[in-house]
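Observations on the model geometry
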Amino acid sequence: MSNSERSSGKRFDREYGVTTQAILFLGDLDPDEAGDAGAHATHYEAIPVDDFRRLLAHVPPEVIANSTFVDVGAGMGRALLLASEMPFKHIVGIEVSGGLYEVARENLERARGGKRRCNDISIIRADARIWNYPPGNLVVFLFNPFDATALATTLASILHRRDPGTTWLVYHTPVERSTIEADSQFELVAAERSGVIYRAA
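Quick look at the structure, then.

Side note on the pattern of salt bridges
Within this structure, the stated rule accounts for 11 salt bridges. A salt bridge links Arg 105 to Glu 109; its shortest N-O distance comes to 3.1 Å. Remark: Glu 109 and Arg 105 occur in helix H8 (residues 98–110); sequence separation between them is four residues, near one turn of the helix. Note that Asp 163 and Arg 162 form a salt bridge whose closest N and O atoms lie 3.5 Å from each other. When sorted by exposure, Asp 163 lands in the same class as Arg 162, which is exposed.

Here we look at the side chain of Asp 71
Along the chain, the position of Asp 71 falls in strand S3 (residues 68–72). Among buried charged residues, Asp 71 stands out as having no salt bridge; its nearest opposite-charge side chain is Arg 78, 9.9 Å away. Once residues within four sequence positions are removed from consideration, Asp 71 is found in contact with Ala 79, Leu 80, Val 92, Gly 93, Ile 94 and Phe 141.

What counts, and at which threshold
- Residues numbered from 1 in each chain as written.
- Predicted model: local features only at pLDDT ≥ 70, side-chain atom pairs only at ≥ 80, totals over all residues.
- Heavy atoms only, no water.
- Salt bridge = Lys/Arg side-chain N within 4 Å of Asp/Glu carboxyl O.
- Helix = DSSP H or I, 4+ residues; strand = E, 2+ residues; numbered from the N terminus.
- Buried < 20%, exposed > 50% of the residue type's maximum accessible area, 1.4 Å probe, protein only.
- Lys, Arg positive; Asp, Glu negative; His and termini not counted.
- Contact = heavy atoms within 4.5 Å.

Written as structure tokens, this is what we have:
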């Protein structure tokens, strides 16, 4: 992370009155509670504010207005708060770590700021691989949350949800993008230096 990204993150935390700027490994937090999911997870690092906004700018406004935003591996909740600046129908974060879940829950409760355009926000402690994803249109955000094996299982859960609509994937640090591109249901919409955006109908 560059100095400018670090400064932007600290400024975000001050503006919202939260704590999201950190780099943590799940193994240092609660490996026993995370169980098998923890073996597939990468580390926690807050999404750079500008990167998130650049990537989400590729999702059309009419899609945002008619979709649920899902953050897979919500960490301390920064992406959830950034998503709340957009008029999503609903915003939900999934986090397997009990420690990170508690921090995110506290951040959502105490967050301040006048930019919010969606107030229907929740954080759920669950395994993203087998979580019951909501029906309808989804914009799914991933900040390189886990390895290819876990990503493939998660994608199957997303695509095979009840009454699926259109699914958009916003993938920052796309280390396992080949896993997505191996599924013909996904088409590449845009690519940035920091990530890629896909759509599946």
